[in-house]
Amino acid sequence: MNRKGPAPLPEPLPAPITDTHTHLDIVTAGYGEDARPVPAPTDNVIRELIDGAEAVGVGTMVEVGTDVTSSRWAAELAETDGRVLAAAALHPNEAPLLDDLDSALAEIDVLAARPRVAALGETGLDYFRTDEPGRDAQRRSFRAHIEFAKRHGKALAIHDRDAHEDVLSILDQEGAPERVVMHCFSGDFAFATECARRGFYMSFAGNVTFKNAERLRGAASVAPAELLLVETDAPFMAPVPVRGHANHPALTSYTARFLAAHLDRDLEKFCLQLSENARRAFESWQD
Ligand SMILES: [Zn+2]
Ligand SMILES: [Zn+2]
């Protein structure tokens with residue numbers, strides 16, 4: 001996966017949109033056996049990616065942390081570049097691996113207070129990568145992030161993999177924050193209907209463009225227009241026609257174009273709607 005190197009920049013969109021979920025630290029540092037040190041948030045390589053995205057109409061992005069270090073990095077980047085908002089959290093696959101979950105959660109709580117941290121995320125449940133012994137820690141971490149989001153008045157960005165039912169039942173039990181974003185939406189028509197009923201945002205990633213993603217496209221069709229968002233989850237899941245390349249925020253534009261065509265919407269109006277939705281989801285706490 002992602003062995004083809006960075007994809008070329010797409011054609012500019014007629015109106016700016018937001019990549020609501022990206023990991024510029026992982027994009028630039030690589031991962032797995034090829035991982036290098038993460039550049040400083042002020043490094044030119046980071047600015048070039050953001051400039052490239054802005055040039056094609058992806059004018060804003062949410063940089064998402066997965067542990068204390070990357071959450072702090074996200075907050076610092078957002079504080080140095082006005083086009084970036086940060087999300088801070090312990091990823092559901094990270095939480096069970098920590099020796100001291102409580103002190104890591106306490107650090108996320110501190111980060112959540114920083115003014116450019118717009119969301120707690122990505123948190124949630126991942127039953128694909130974490131087996132039963134780790135799931136208690138995952139659920140405890142998820143509950144803590146829900147509480148942080150409510151107390152700080154910030155959005156909650158949820159990672160949900162093979163755990164739809166438990167994600168909804170924990171949110172229902174705890175009481176969901178005012179703004180919940182289901183990142184890399186992976187449910188079907190019925191799950192999208194449940195999310196819509198609760199007013200949760202549904203953020204679609206590049207995989208909605210994949211040939212075999214009929215179920216996801218069915219979900220996108222029932223998602224109310226005012227709850228739709230798009231994201232890259234870069235460096236993962238680059239959309240068609242650059243599938244297999246390393247993903248980066250500029251490529252959100254392919255997903256936006258694809259969804260506009262799938263939903264039979266005028267592209268410019270669709271982009272304006274996406275942009276307004278992202279502002280409401282991630283920035284309205286400042287109003
Ligand atoms: Zn995720
Ligand atoms: Zn992610």
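It should be noted that the structure appears before, not after, this text.
The notes below deal with the structure included here. (Residues numbered from 1 in each chain as written. Chains lettered and ligands numbered in written order. Predicted model: local features only at pLDDT ≥ 70, side-chain atom pairs only at ≥ 80, totals over all residues.)

1. Focus: the overall build of the protein chain
Link 1 in the chain: When helices and strands are tallied, the protein chain shows 10 helices and eight strands.
Link 2 in the chain: Viewed in the frame of its principal axes, the protein chain has a C-alpha envelope of about 45 × 45 × 40 Å.
Link 3 in the chain: Residues counted as buried form 50% of the 287 residues belonging to the protein chain.
Link 4 in the chain: A fraction of 73% describes how many contacts in the protein chain between residues 6 or more apart in sequence connect residues 24 or more apart. (Helix = DSSP H or I, 4+ residues; strand = E, 2+ residues; numbered from the N terminus. Buried ≥ 20, exposed ≤ 12 C-beta atoms within 10 Å, placed from the backbone. Contact = placed C-beta atoms within 7 Å.)

2. Quick word on helix α9 (residues 252–262)
Link 1 in the chain: With eight of 11 residues buried, α9 is to be regarded as a mostly interior element.
Link 2 in the chain: For α9, the complete set of buried residues consists of T252, S253, Y254, T255, A256, F258, L259 and A260.
Link 3 in the chain: In the core, the buried residues of α9 are packed alongside β1 (17–22), β2 (58–64), β7 (201–204), α8 (214–222), β8 (228–230) and α10 (267–283).
Link 4 in the chain: A positive backbone phi angle near 60° is found at D264, which sits one or two residues after α9.

3. Quick look at the packing of α9 against α10
Link 1 in the chain: One can describe the packing of α9 onto α10 by two numbers: an axis separation of 10 Å at closest approach and a directional angle of 115°. Here α9 runs over α10; the crossing is right-handed. Residues A256, R257 and A260 of α9 pack against L267, F270, C271 and L274 of α10. (Axes fitted to C-alpha atoms, helices over the stretch in contact; angles between N-to-C directions. Left-handed = near helix turned anticlockwise from the far one by under 90°.)

4. Observations regarding the pairing of β2
Link 1 in the chain: Burial analysis of β2 places six of its seven residues in the buried class, which makes it a mostly covered element.
Link 2 in the chain: Across four bridges, β1 lies against β2 in parallel orientation. Paired with T22 across the two strands is E63, which belongs to β2.
Link 3 in the chain: Judged from the four bridges that link them, β2 and strand β3 (residues 84–88) form a sheet pairing that is parallel. (Pairing = 2+ DSSP bridges.)

5. Examining the sheet that holds strand β4 (residues 117–126)
Link 1 in the chain: Judged by pairing direction, the sheet is parallel, and its eight strands sit side by side in the order β1-β2-β3-β4-β5-β6-β7-β8 without closing on themselves. Both edges of this open sheet fall to β1 and β8, since each of them pairs with a single strand only. Neighbour to neighbour, the strand axes of the sheet diverge by 30° on average, direction disregarded.
Link 2 in the chain: As judged from the three bridges shared by β3 and β4, these two strands associate in the parallel manner.

6. Considerations on the nonpolar core
A general trend in soluble globular proteins is that nonpolar side chains are found buried together.
Link 1 in the chain: One finds A86, A87, A88, L156, V181 and M202 to be the most contacted residues of the largest nonpolar core, which totals 88 residues.
Link 2 in the chain: The residues contacting A88, other than those within four sequence positions of it, are G65, S71, A74, A75, I108, L111, A112, V117 and L120. (Core = buried A, V, L, I, M, F, W, Y, C linked by C-beta atoms within 7 Å.)

7. Re the pairing of strand β6 (residues 180–183)
Consecutive residues of a regular strand have side chains that alternate between opposite faces of the sheet.
Link 1 in the chain: Side chains V180 and M182 of β6 all project onto a buried face; the interleaved residues V181 and H183 project onto the opposite face, where all are buried too.
Link 2 in the chain: Bridge count for strand β5 (residues 155–161) against β6 is four bridges, and the pairing is parallel. Residue I158 lies in a different strand from β6, and its bridge partner there is M182.
Link 3 in the chain: Where the polypeptide runs from β5 across helix α6 (residues 164–174) and back to β6, its parallel neighbour, the crossover connection is right-handed.
Link 4 in the chain: By the bridge criterion, two bridges tie β6 to β7 in an arrangement that is parallel. Pairing of M182 across the sheet is with M202, part of β7. (Right-handed = clockwise from strand over helix to strand, strands pointing away.)

Interpretation in functional terms is not warranted from these geometric data alone.
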